[in-house]
Amino acid sequence: MPELPEVEVTRQSFAGRIHGARIHAVRVGKPLRWPLGVEPESLISQAVGEVTRRGKYLWMPLDRGGLLIHLGMSGALAFSERAGDPGPHDHFDLVTGQGTLRLTDPRRFGAVVWSPALDAGAAAKLLAGLGLEPFDPAFTGKHLHAALRGRRVAIKQALLGGAIVVGAGNIYACEALFEAGIDPRTRSDRIGLARCERLAGAVRSTLARALELGGSTLRNFSDAHGMAGQFQLQARVYGRAGLPCLRLQPEGRCAGTIKRIVQGQRATYFCPVCQRR
Ligand SMILES: [Zn+2]
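Since the model is a prediction, treat every value here as computed from it, not as a measurement. (Residues numbered from 1 in each chain as written. Predicted model: local features only at pLDDT ≥ 70, side-chain atom pairs only at ≥ 80, totals over all residues. Heavy atoms only, no water.)

**As for the sheet that holds strand β5 (residues 76-80)**
Moving on, step 1. One open sheet holds the four strands; their spatial order is β1-β6-β7-β5, and the pairing between them is antiparallel. Looking along the sheet, the strands with just one partner apiece sit at the ends: β1 (23-28) and β5. Across the sheet, the axes of successive neighbouring strands diverge by a mean angle of 15°, strand direction being ignored.
Moving on, step 2. Relative to strand β6 (residues 90-96), β1 runs antiparallel, the two being bridged by five bridges. Bridge pairing in β6 places I23 opposite T96.
Moving on, step 3. Lying on the sheet, helix α1 (residues 4-18) is in contact with β5, β6 and β7 (99-104); it crosses β5 at an angle near 30°. (Pairing = 2+ DSSP bridges. Helix = DSSP H or I, 4+ residues; strand = E, 2+ residues; numbered from the N terminus. Axes fitted to C-alpha atoms, helices over the stretch in contact; angles between N-to-C directions. Contact = heavy atoms within 4.5 Å.)

Structural data, given as structure tokens:
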């Protein structure tokens, strides 16, 4: 599933190249998760503004309103100057004077939705309830601590929910909790301010690491999933059940063995020795 870093790297891969382009044609394939919400022809001849990201959504402003794009479970966007005919999994083409932006989505949980503005209509509805951006200066340990107060769910669940901070998907939540030395089963309201400071920093640094990796593969961004796989190679806990913990303590390597459990139907990996409740 494309996570925030993949979505951000996708944005960086085409935002500059499509900026200012005029729409020549719109090709719509099979139905996606949500309908476009406007006649495709009405988009023709409008110019594309600066594409931005909010959570895992991309916002493409046009002369009148804009398009909110989500990659769902299996979506990938590619921008090319000479796109061939759409294949069976290509469900949205935005043909512009500078190239074609194509959404390929075999499972069709992705969507392209027109909205009158980012803070109105369909976009406002879909973005309501999203937590802070991880790199927003307002996302601090203090903010995290206040948001976790009164929540009794496990910290991993609180992070995954996305209502406090966006971007901590399954892999990244596991990695951030490992980095912060917090047991993923810890009740959210039991985590003190100092540990919240560490966790907020860990969420940011984990995502920054993923963005860096993604950026280095930007040259050939035809396979978003290849990039997710590449980040996994660098994962310190995720997917490492039964392997020795990689944390270096002052007295040497942690003696723990990484354990896999299931929380809310998602796999969690952690070290029972150095990640504390
Ligand atoms: Zn350990």
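**Brief notes about the coordination of the zinc ion**
Moving on, step 1. Donor atoms from the polypeptide that coordinate the zinc ion comprise C245 (SG), C254 (SG), C271 (SG) and C274 (SG), at 2.3 Å from the metal.
Moving on, step 2. Coordination at the zinc ion is tetrahedral: its four donor atoms span angles of 104 to 118° at the metal.
Moving on, step 3. If you list the donors of the zinc ion from N- to C-terminus, the spacing comes out as C-x8-C-x16-C-x2-C. In this pair, C254 is assigned in the loop between β10 (252-253) and β11 (259-263) and C271 in the segment after β12 (266-270), connecting sequence segments 17 residues apart. Just as C254 is buried, C271 falls in that class too. (Donors = N, O, S within 2.8 Å, 3.2 Å for Na, K, Ca; no water. Tetrahedral: all angles 85-135°; square planar, octahedral: opposite > 155°, others 65-115°. Buried < 20%, exposed > 50% of the residue type's maximum accessible area, 1.4 Å probe, protein only.)

**A closer look at the side chain of T100**
Moving on, step 1. One can find T100 in strand β7.
Moving on, step 2. Taking the relative accessible area as the measure of exposure, T100 reaches 8% and is therefore buried.
Moving on, step 3. When residues no more than four places from it in sequence are discounted, the contact partners of T100 are A78, F79, S80, A83, D93, L94 and V95.

**A short note on the pattern of salt bridges**
Moving on, step 1. Under the definition given, this model contains 13 salt bridges.
Moving on, step 2. Between E133 and R53 there is a salt bridge whose closest N-O contact spans 2.9 Å. Remark: R53 occurs in strand β2 (residues 52-54) and E133 occurs in the loop between α2 (121-127) and α3 (141-148); sequence separation between them is 80 residues.
Moving on, step 3. Across the pair D93 and R102 runs a salt bridge, and its minimum N-O distance is 2.8 Å. R102 carries the same exposure label as D93, and that label is buried.
Moving on, step 4. Salt bridges here are not isolated pairs; linked through shared partners, they connect E8, R11, R53, R54 and E133. (Salt bridge = Lys/Arg side-chain N within 4 Å of Asp/Glu carboxyl O.)

**Regarding α3**
Moving on, step 1. Listed as buried for α3 are G141, L144 and L148. Down the axis of α3, the buried side of the element spans an arc of 65°, and every buried residue falls inside it.
Moving on, step 2. A positive phi of about 85° marks G150, the residue just after α3. (Arc of directions from axis to C-beta.)

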